[in-house]
Amino acid sequence: MQLFPCPFCGPRDETEFHYGGDAGNIRPDGADVPIDRWAEYLYLRGNPKGTAREIWVHMICGEFFVMGRDTITHKVLSSAALDGEHAA
Amino acid sequence: MTASRLATGGSAIDRSRPIRFSFDGATVHGFAGDTIASALLAGDVAVVGRSFKYHRPRGIWGAGVEEPNALVDLGGSVPAKPNTRATTEPARDGLVAKSVNATPSALADRNAFLDRFARFIPAAFYYKTFMWPDWHRFEPRIRAMAGLGTVDADWISPGTADQINHHCDVLVVGAGPAGLAAARLASGAGLTVTLVDDQHSPGGSLGHRAAEIDGKPAAVWVKETIAELAAGGHLILPSTIAFGIYDHNLVGLNQRHLDGRPDTLWRVRPRQIVLAAGAIERPLPFANNDLPGILSADAALAYLRRHAVLVGRRIVVATSNDSAYEVAGALAEAGAEVRLVDIRRDGTPAAPANVRLAKGRSLISASGRLRVDGVTLDDGTRFDADCVLISGGWTPTIHLFGQAKGKLAWSEARAAFLPGDPVDNIAVAGAAAGAVSLSEVFAGASTAVASLGQTKAPLPRSTGPEATDGIVAAWPMPGSKGRIWIDYQNDVTVKDVELAARENFVSVEHLKRYTTLGMATDQGKTSNLPGLALMAGITGRTVPEVGTTTYRPPFTPVPLASFAGTRVGELMAPVRRLPLENVHRANGAVFQEYGGWLRPAHYGGYADAERSIADEARRARQSVALFDGSTLGKIEVIGPQAAAFVDFLYYNTMSTLKPGRCRYGFMLSENGVVFDDGVLVRLDEHRFVVSCSSSHVAAVHARLEEWRQDRFGRDAVYIHNATSDMATLTVSGPNSRKLLETLGLGLSLDDADLPHMAIAHGTYAGDDVRIARVSFTGDRSYEISIRADRAEPLWAHLREAGQALEAVDIGLEALMILRAEKGFIVIGKDTDGTTLPHDLGVDGPRAKRQSEFVGRRSLFTEEASRGNRMQLVGLAVPQGDAPLPTGAHGIKRSDGRVHSQGFVTSSYQSPTLGRPVALGLIERGATRHGETIDIQHLGKISKATITAPCAFDPAGERLHA
Ligand SMILES: [Zn+2]
């Protein structure tokens, strides 16, 4: 079981968290966004081997945050709170 | 074999405390401190089980966790437990042990004949033979004949297992010389230590191998070290297995108790792990090496010195290394006639006193039926023997290191895999790291803890005899004569491995699965290395080229009860409960779980549930109904950007809502699919209440938080989930206003002041109440929200005052009928994972909205604009027909085939209309009102006419009646 650092609560068991998607998947606004761009936002994921930046939520306190981690070694590399305004 | 208990000795047993237990119906005598295995050996019980496949007689092999043969099903005075290793289970008064896979007993097993057909049932026999006509026809009989222990289906757990989370600086796995030294050094460095050992008493090999430490007998040093650690406040857990190591240094421990309590699961997060789990002795390959009376040499020494059990009178010890010399000497000294057969011609230690040594010789076969009676050497010499002890070398117990993805390094000199490149925060010490002499062991322990800090504890010194190794590899050879067992527990022989190689299952992972080598409950602790070394020999590769299978937890079997802990029964998935649950129960409510909530389904007016529900639904339309809607989501959205926020979250424009008013709307997912529906209340300029579906509260709350934190910012809005703060009591029906008037809420119920889709504030018995005039029944309705802990008097008041109006309590089932009559949908029931808002007839925002909202772009794709989308409809059946089955498909025929054109989503008998009502999603349904289609269910065809969803009061007059 991994330990994830919630920016609000500190290190907690991974079972308390939900995955929220790739960080940096910027939402394109508008009804006229090119359909390919919208499909990319909705469905295309990097699934990187190695370093990844992901959004996670700590279900206990409700904090959404960006976590850097290595998908092979499962090392946590960074953890930072979102600051609103299309946090990347 | 004629094993016996010696008159004196035995460091582990207490002769003043005799015990008795039963094995396969016979009484066995022992002493406190015996294991089941040592007591069976002391009673000269040779056959303790039958093998998995061939029902071969099997005896005790080892004295520890690696035991492949001596498994018993436990019961009697101890909690029932199948497949328990007799070698690690303490013997206790009154316990009942039964051999596994044997009927009626291990000694007289009626399936023993199977062994005579062994050459017709090699590895993969079942896969190849029972394919036609169907494996499942053969499966029950085969399963009954093969296998191990039996689970008692009637067994009831004596309680739930404790689960403990624990943190420490250093976790030391193994309390042998390496572990004890490491723990002491870590303690001396000021670190908190947790020391675990699978045995009941600490010491590991020091419990039976000759050693002297710091000038003291090993037993004294062990006792002093443990006392010192305990005095230092460190946690010492005996009878505890470290079964798995998981991400981020989590170690799983399973602790056994002797008092009948279920085992305890420990989740330990140490900063550093020291693995000092020792090593496991391997067998040697020779024909019939699985006969009862053939034991691990080290185990025989353990039984002698710990339990005063002499395993035989005429003993042959066969070895490939130095470790068996001490065993041979000790057994000779204890009075046995001992021959030592050493595979090595040169470089062996001197023969111990009274031991006859044959150098450069190996065993090629053993003979005997129910126990060994002799051996034949490679030069043809035959010796009679009642016991054969073997030492094929030592396999370091590096399982946890392997589980932590540590790479192993092959050591030709040790004929074993040793830990390779270090893994972060894990050090390996002692025999697990390939150390042989005590001096090496202590030096390794010192290195293992060196990185943790300066220690004040002195390094222990070995002042007695030092163990040596000198191993020469003696792997099973291809083409050997006779039946040579590799995996005792799963009945895998040299020939099976050869067969796997012939059929090209040469990868070690394929070898494992094809032959089941290493797949039994012992996980191949004695067999994996010989098996893969044999595969190397057959395929002309080196052992490291063949490699090991993947190490996975658990190291030894762990009871499922340990993992379950208290999460059993109702606690497996706890239901959420209404504040008024007890009141409803007192009023006859029958409860059911709905979306995680335990709610009244109906109030049991009649013995027949269906009739009770129909009666509630009918009476609700006549006068006034009371419904507990407390589960309805009440999530507050507060802040300067609250209006912009709800605009973005909802499909419908919400910012135009006036304070004090409500609006019904959808929330979409980004793919446009309707995620939730409900009423949004605007309390004031900057404050809204999101009233979402009961079962969606957590998901909606998370979604609001996500957009708040990832788009709007923390200062823009604040979100508070007030769902359980308040109870919501719904009063619905033509007389609902009349009933509300009796409450004296201090507000005007006049329709001009409180119209449909408006809210008002009042008080009841001094508490604030909020009245929302919204309706899920189609009748005039009021939702009264009040502090959850003050709801009971209000509910009682409503029921009492309601008597004069013939008010009726209604459960969720009646409400479902009322809303279906009106064509009101339930998301997830009347919609699926493809339903877009315009499929439900709500096209306005899609057509008109200019501002951004969640899911917007997805409403303008080719898919969203497809002409033949499934749309919400009502379905009417011909007069006299029963309600349509929910889930039945609307069908159409083309090209001579039947196609689905949608399905029934909700269907009920309406007591008010006196006919069935149904909702469905049907292709192009919104434009096909009046059309009659075929409905198919379980092969039967019926008719239904497509209608508008609303079947009752389509003009909506009753909202204001
Ligand atoms: Zn948190």
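Presented here is an overview of the structure given in this document. (Residues numbered from 1 in each chain as written. Chains lettered and ligands numbered in written order. Predicted model: local features only at pLDDT ≥ 70, side-chain atom pairs only at ≥ 80, totals over all residues. Heavy atoms only, no water.)

### Brief notes about helix α12 (residues 528-539) of chain B
Put simply, the rule reads: In DSSP terms, a helix is any run of H or I states spanning at least four residues, a strand is any run of E spanning at least two, and both are numbered starting from the N terminus. To estimate the expected span of a helix, count its residues, drop one, and scale the result by 1.5 Å.
With twelve residues, α12(B) should reach 16 Å at 1.5 Å per residue; the first-to-last C-alpha distance of 17 Å fits that figure. Looking one or two places after α12(B), you find Gly540(B), whose phi comes out positive at around 65°.

### Some points on the sheet that holds strand β3 (residues 17-22) of chain A
The cut-off we apply is this: DSSP calls a pair of strands paired once it identifies at least 2 bridges connecting them. Every axis in this analysis is a line fitted to C-alpha atoms, fitted for helices over the stretch in contact. Angles between the N-to-C directions lie between 0 and 180 degrees. Between two residues, a contact is recorded if the distance between any of their heavy atoms is within 4.5 Å.
Across the sheet, four strands lie side by side as β3-β4-β5-β6 (chain A); this open sheet has antiparallel pairing. Looking along the sheet, the strands with just one partner apiece sit at the ends: β3 and β6 (76-81) of chain A. Recorded for the sheet is a direction-independent mean angle of 30° between the axes of neighbouring strands. The sheet strands contacting helix α18 (residues 697-712) of chain B are β3, β4 (51-58) and β5 (63-70) of chain A, and the helix crosses β5(A) at an angle near 75°.

### Some details on the interface of chain B and chain A
Test applied: Summed over both partners, the accessible area (1.4 Å probe) lost when two parts come together is defined as the buried area. One side-chain nitrogen of Lys or Arg within 4 Å of one carboxyl oxygen of Asp or Glu is enough to make a salt bridge. Polar contact is defined as a pair of N or O atoms within 3.5 Å, subject to the rule that within protein one atom must be able to donate a hydrogen and the other to accept it, and that residues adjacent in sequence are counted only when both atoms are side-chain atoms. Classification used: nonpolar for Ala, Val, Leu, Ile, Met, Phe, Trp, Tyr, Cys and Pro, charged for Asp, Glu, Lys and Arg, polar for all others including Gly.
Residue-level contacts link 29 residues of chain B with 31 residues of chain A. Roughly 2,400 Å² of surface becomes buried between chain B and chain A when both sides are summed, with 47% attributable to carbon and sulfur atoms. Sorting the residues of chain B by area buried against chain A places His248(B), Arg711(B) and Arg857(B) first, and these three jointly supply 28% of that buried surface. Connecting chain B to chain A are six salt bridges. The partner of Arg269(B) in a salt bridge is Asp13(A), and the shortest N-O contact between them spans 2.8 Å. Our enumeration of links across chain B and chain A arrives at 19 residue pairs in polar contact (both at pLDDT 80 or more). At the level of elements, β16 (264-275) and α18 of chain B are the ones that each hand at least two residues to the side of chain B that touches chain A. Here the side of chain B that touches chain A gets eight residues from one element, more than from any other, and that element is α18(B). Among the residues forming the side of chain B that touches chain A, the class breakdown is nine nonpolar, seven polar and 13 charged.

### Observations regarding the coordination of the zinc ion
Residues and elements named next belong to chain A. As a reminder, the rule being used: Donor atoms are limited to N, O and S found within 2.8 Å of the metal ion, a distance that becomes 3.2 Å for Na, K and Ca. With water left out, some sites might look partial. By the criteria applied here, four donors are tetrahedral when all angles lie between 85 and 135 degrees, four are square planar and six octahedral when opposite donors are over 155 degrees apart and every other angle lies between 65 and 115, and any other arrangement is irregular. The rule is simple: take the accessible area with a 1.4 Å probe, protein chains only, and divide by the maximum for that residue type; under 20% is buried, over 50% is exposed, in between is partly exposed.
The protein atoms donating to the zinc ion are Cys6 (SG), Cys9 (SG), His58 (ND1) and Cys61 (SG), with metal-donor distances spanning 2.0 to 2.3 Å. Bound by four donor atoms, the zinc ion shows angles of 105 to 115° at the metal and therefore tetrahedral coordination geometry. Judged by relative accessible area, which is 37%, Cys9 ranks as partly exposed.

### Quick notes on empty space enclosed by the protein
Residues and elements named next belong to chain B. Rules: Cavity: a set of points on a 1 Å grid over the protein atoms alone where a 1.4 Å probe fits but cannot get out. Pocket: an open set with protein on both sides within 12 Å along at least five of seven lines, its lining residues, like those of a cavity, having an atom within 4 Å of a point. Grid points are joined across faces, edges and corners, and a volume is the space filled by probe spheres set on the points.
Across all of its chains, the model carries four cavities of 30 Å³ or more by this definition. Reported here for the largest cavity is a volume of approximately 90 Å³. Lining the largest cavity are 13 residues, and of these Pro283, Leu284, Pro285, Pro476 and Pro530 lie nearest its centre. Here the lining of the largest cavity is built from residues that sort into nine nonpolar, three polar and one charged. Taken as a whole, the second largest cavity spans an internal volume of roughly 50 Å³. Looking at the second largest cavity, the residues that line it are Gly49, Arg50, Ser51, Phe52, Arg58, Pro68, Asn69, Leu71, Val100, Leu148, Tyr488 and Gln489. In the lining of the second largest cavity, the residues fall into six nonpolar, four polar and two charged.

### Things to note about the sheet that holds strand β21 (residues 337-342) of chain B
All names here are of chain B. Across the sheet, five strands lie side by side as β18-β26-β20-β21-β22; this open sheet has parallel pairing. In this open sheet, the two strands that pair with only one neighbour each are β18 (294-296) and β22 (355-359). The average angle at which neighbouring strand axes cross in this sheet is 20°, direction not considered. Direction of pairing for β21 relative to β22: parallel, over a ladder of five bridges. Residue Val338 lies in a different strand from β22, and its bridge partner there is Val355. Across the sheet, helix α7 (residues 323-333) is in contact with β20 (314-319), β21, β22 and β26 (387-391); its angle to β21 comes to roughly 165°.

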